[in-house]
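These are the residues of each chain, in order.
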Amino acid sequence: MRNLILLAFGIVFTILFLIFPTQVYENFYFSQGFSDAMYNGSMYIVVAIITAAIAWVAAVIYYYVINSVKFDRWWHWLIILVITILLAPTVSWAYTDYDMAQQNYMYDKETFYFELLNMCVAAVLFIIASFSIRWWSSNCRHTPIPQ
Amino acid sequence: MRLFIFAIGGTGSRVLKSLIMLSAAGVKPLDESGQKIKAFEIIPIIVDPHKSNEDLKRTDVLLSNYSTIRRRLYGDSDEAEGFFATKISTLRSIMKDTSVNLTDTFIFNLSTVEKCKFRDFINYDTMSESNHALTSLLFADYQLENKMNIGFVGSPNIGSIALNQIKDSDEFKAFANILTNDDRIFFISSIFGGTGASGFPILVKNIRNAQNLNVANKEFLRRAPIGALTVLPYFNIQHTDDGRIDKADFIVKTQSALQYYNETLTNDTDAQINELYYLGDSISSLPYQYDPGENGQKNNAHLIEMIGALAPLKFAGTPDYKLRDQNGYPLKTAAYEYGLETDTNEVTFKAFGASTRHLLYNDMVKFHLLYMYLKNGFEKNIGKGYTQDAPEIRNEFTATDFYRTLDTQFFTAYVDWLGEMRNNNRSVNLFDYLSADMNNVISGVGTKKTWVGHKSISCDSFLSEMNRLSRDNKSYSAGHEEFKLFDLFNRAADNLLPDKYENIN
C-alpha cells in the first residue's frame, strides 16, 4: 500500500510539474527577454516534457531493464543520476537553442543558466521517479537507500 | 516418524557421519509415492567403548553442530523442508521422564565396560581352575589383557560378552521407555571387526527378548520394525606385527558372522530383523593406518559409508505393511544388496542407479552450491537485495554462533568428508570440491547449452533469484534471518538447477 501511495505521489508531482512548468522554471530563474521568448514560444512545456520523460525513463531503465545485482549499489544509481542530469539539459539545450535560432534570438548565457536550473529539475524528477517505482525492482529496490 | 539408530563401532560412526551430511543436504526418506516423509526424526545412539577414537569424536561433534544449526533453523518442530530438515535428537532430549539421570549425549554410556581390562571384566582372577582353563581356551592372552576403552580390537568374542551388559544400562531402559508403536529401530555395524559384529546381534536379541528384561514397553520392543546395515569388508588396513587386526582375517570373520546371523537373526522360522542391508566392496580402500589405541582410528570417509547411509533412509521409507503382519509382528527378513550402475573406480553421480540419483542428486548439489555461496558470495552480498528485506541480515550475522558453527565447523567437516572420499579408493568424485566455479563444479555435469555457448551460473545468479523470491514473499518478515537465508537459497536452487544445469535425473 505504501508503495502504491509513493507511486501515486510521484505521478501527481510530475503531472503538476508538466501543468505548471512556467511557474516552476520562472520562479527559480527569470531573465526578461529570455523568459519571454521561452514563454511565447511555448518552450517551457516542451522542456518540461523532455526533462520529465528522460528522468522517468532513466529510472525505469535502471530499476527494471538493468536491474542487475552487479549494478545495485548507491553509486551505481548515482551514475544514472549524473547521466540523467547531463542528458536532460543537453537535449533540452539542443531544442531551445534550435528554436531560439529560428527566431534569431541570442540568449546563450541565459540558456546556460536555464539549463543549470534544468539539471536540478532533472535531478529532483529522477529522485522522485526512483522512489516511486523502485519498490517492485527485484534487485535494486533497496537502492540508493534501503527501504 | 522416529528412527532410533544404533551406530555400533567405528563403521557405525562413519556411516552415521555420512548420514548427517546427507541430512544436512536435505536428503530424507521417500514414501511409496516418492515423496519425502515430512516429519522425520533420528535418534542416533553411538555404541562404542573406544570413546577416544577419532571417527567417533568427529561424528559426535558433527551431530552436536548439526543439532545446533537445525534448532536455530526450525526450533523443535519435526516437520521441515530443505537443508537440515531431519530432526536429530539425543535420547535425553526426547525423554519425558526426567527422573532418569541420563547425560545429554549421542554416545551410549559404556562406563562399566570401558574402565577395565577384559580379564577384570569377567573376573578372570577369581575364577575356579576349570573355568580358568575354559576361558583360556576361548580367549587369547592379548584378548584377556585388552583394555576395553579402546574397543574390542577386532575381537567379537570379547564384545559379545562385554556388550551384553547394555541391557542393564540406564540408556537402554530410557530407550525402552521412550519407544512407541510408531517408532523404528536401525542398526549400523560392520561384520568383520569386533564391536559392531558382536554388538549388533546382542542388541537385537535383547530387544526381541524384552519379555525377559526389566524394562518398559516390552511389547513395543518385541514388535518394533528393525532394520540393519551390515557392512562387509571394504577397507584395507596397514599390516603390522601387532596383528590384532589383520585384513587377512576379515573374510573369515565375515563368513562366521554371516553364518551366525543366518541362524539367529534372519532365519525364516524366527526372523528377528525386518530388513537387512548387506554392503561391501571387493575393491578395498587405500590402507588405513593401524592405530587402535588412544585417539587412533581416524579413517578416511569412503563411498561404502555414504551408500550405507542410504539404508536407514530406505528402511524408514518402507511402508509398515511390508514390515509387520496384521498382528504387528515382524515379517520374514527382507535382504538387500547395492550395486552401482557403472562399475567404475571414479564414482560420479552418473555412476549411481536412477533411484539413488533421484534420492541424492538435487539435494546434494543444492547443499554444495549453498556451501559455495556462503563461502564465496554471501558476505559480499550483505547490505544488498534480499539481505535488506525484513528480517535484515547484517554483518553481525556472520559472528553469530549459528553462522560460525556452520561456516567454521560444519562446512569444514563437509569439505573434509568430500576430500576423504575423493582421495579414497573407490574415489567418490561428486564435486570438484575445491573449485569456486559453479559452472563446472558437478563432476560430469555441465551447464546447459545455448545458441552461443553455455548458460552461466554464479553467486550472482543466486543473489538475483533470492532477491526476486524475497520480494515476492513477505512471510519471512515474521521469522528470523537464518531461516530466511536457508529457505530462500533452497527455493532459488530449486529454480536454478533445472534451468542452468544439464538434467541427469
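Not measured: the values here are computed from a predicted model.

Each value, and the rule that gives it
Residues numbered from 1 in each chain as written. Chains lettered and ligands numbered in written order. Predicted model: local features only at pLDDT ≥ 70, side-chain atom pairs only at ≥ 80, totals over all residues. Heavy atoms only, no water. Helix = DSSP H or I, 4+ residues; strand = E, 2+ residues; numbered from the N terminus. Buried < 20%, exposed > 50% of the residue type's maximum accessible area, 1.4 Å probe, protein only. Contact = heavy atoms within 4.5 Å. Areas by Shrake-Rupley, 256 points an atom, 1.4 Å probe, with all protein chains shown as cover. Lys, Arg positive; Asp, Glu negative; His and termini not counted. Charge placed at Lys NZ, Arg CZ, Asp CG, Glu CD. Pairing = 2+ DSSP bridges. Right-handed = clockwise from strand over helix to strand, strands pointing away. Core = buried A, V, L, I, M, F, W, Y, C linked by side-chain atoms within 4.5 Å. Domains from an automatic or database assignment. Polar contact = N/O pair within 3.5 Å; in protein donor to acceptor, adjacent residues only side chain to side chain. Buried area = accessible area lost by both parts, 1.4 Å probe. Salt bridge = Lys/Arg side-chain N within 4 Å of Asp/Glu carboxyl O. Nonpolar A, V, L, I, M, F, W, Y, C, P; charged D, E, K, R; others polar. pLDDT = per-residue confidence, 0-100. Axes fitted to C-alpha atoms, helices over the stretch in contact; angles between N-to-C directions. Parallel < 35°, antiparallel > 145°, perpendicular 65-115°, else oblique.

Student: For this particular structure, what's the right way to read the overall build of chain A?
Tutor: If you tally the helices and strands in chain A, you get six helices and zero strands. Each helix and strand of chain A, placed in order from N terminus to C terminus, yields the pattern α-α-α-α-α-α. For chain A, the proportion of its 147 residues judged to be buried stands at 46%. Of all intrachain contacts in chain A linking residues separated by at least 6 positions in sequence, the fraction that spans at least 24 positions is 75%. Only carbon and sulfur atoms are counted for the fraction: they give 73% of the accessible area of chain A, which is about 7600 Å². Distance between charge centroids for chain A: 28 Å, based on 6 positive and 8 negative side chains.

Student: When you look at the overall build of chain B in this model, what are you seeing that I'm missing?
Tutor: Helix and strand counts for chain B come out as 19 helices and 11 strands. With 505 residues in all, chain B has 58% of them scored as buried. Long-range contacts, defined here as pairs at least 24 residues apart, represent 76% of the contacts in chain B between residues at least 6 apart. When the accessible area of chain B is evaluated, it comes to approximately 20500 Å², of which 46% is carbon and sulfur surface.

Student: How should I be thinking about the pairing of strand E1 (residues 2–8) of chain B in this particular structure?
Tutor: A regular strand carries its side chains on alternate faces of the sheet. Residue and element names in this part refer to chain B. Taken across its seven residues, E1 has seven buried, putting it largely inside the fold. Burial of the side chains of E1 extends over both faces: Arg-2, Phe-4, Phe-6 and Ile-8 are buried on one face and Leu-3, Ile-5 and Ala-7 on the other. Two strands pair when backbone bridges link them, and E1 and strand E2 (residues 41–47) are joined in this way by seven bridges, in the parallel orientation. The residue of E2 that forms the bridge with Ile-5 is Pro-44. For the crossover from E1 across helix H1 (residues 9–25) to E2, the handedness is right-handed. Relative to strand E4 (residues 184–190), E1 runs parallel, the two sharing five bridges. Counterpart to Phe-6 in the pairing with E4 is Phe-187.

Student: It is not clear to me how the nonpolar core should be interpreted in this structure. Could you clarify?
Tutor: One broad rule of soluble globular proteins: the nonpolar side chains tend to lie buried together. Phe-84, Phe-187 and Phe-462 of chain B are the most contacted members of the largest nonpolar core, which has 147 residues in total. Of all the elements, helix H15 (residues 354–376) of chain B adds the most residues to this core, at 12 residues. Each of domain 1 (2–339) and domain 2 (351–500) of chain B accounts for three or more of the residues forming this core. Setting aside its immediate chain neighbours within four residues, Phe-84 of chain B contacts Ser-23, Ala-24, Gly-26, Tyr-66, Ile-69, Arg-70, Leu-73, Tyr-74, Phe-367, Leu-406, Phe-410 and Phe-486 of chain B. Membership of the second largest hydrophobic core comes to 36 residues, among which are Ala-37, Tyr-62, Ile-85 and Ala-129 of chain A.

Student: How should the side chain of Asn-67 of chain A be read in this particular structure?
Tutor: All names here are of chain A. Mapped onto the fold, Asn-67 is located in the loop between helix H4 (43–66) and helix H5 (74–102). A polar contact is formed between the side chain of Asn-67 and the side chain of Ser-137, at a distance of 3.0 Å. There is a polar contact of 3.0 Å between the side chain of Asn-67 and the side chain of Ser-138. If we ignore the near neighbours within four places in the chain, the residues touching Asn-67 are Ile-61, Tyr-62, Ser-137, Ser-138, Asn-139 and Cys-140.

Student: What's the story with the interface of chain A and chain B in this structure? I'm lost.
Tutor: Interfaces are frequently sized by the accessible area removed from exposure as the parts join. Each partner contributes to the interface: chain A provides 12 residues, whereas chain B provides 15 residues. Summing the contributions of chain A and of chain B, the shared interface buries around 1000 Å²; its carbon and sulfur component is 41%. Taken as a group, Val-69, Arg-141 and His-142 of chain A account for 44% of the area that chain A buries against chain B, more than any other trio of residues on that side. Where chain A packs against chain B, one counts three salt bridges. Lys-384 of chain B is the partner of Asp-72 of chain A in a salt bridge, and the nearest nitrogen-oxygen pair spans 3.1 Å. Where chain A meets chain B, there are 12 residue pairs in polar contact (both at pLDDT 80 or more). Across the side of chain A that touches chain B, the residue classes tally to four nonpolar, four polar and four charged.

Student: Just to check I follow, could you spell out the confidence of the model for chain B for this structure?
Tutor: Atomic detail in the predicted coordinates should be set aside for any region of low pLDDT. Per-residue pLDDT for chain B has a mean of 88; in total, 88% of the residues score no lower than 70. Predicted complex metrics record ipTM = 0.90 and pTM = 0.90.

Student: How do you make sense of the packing of helix H3 (residues 32–40) of chain A against H4 of chain A when you look at a structure like this?
Tutor: Between two packed helices, the angle of one axis relative to the other and the distance separating the axes together describe the packing. Residues and elements named next belong to chain A. Here H3 crosses H4 at 80 degrees, and the two axes come no closer than 5 Å. Classified by the angle between their axes, H3 and H4 sit roughly perpendicular to one another. Judged by residue contacts, Ser-35, Ala-37, Met-38 and Tyr-39 of H3 engage Met-43, Tyr-44 and Val-47 from H4.

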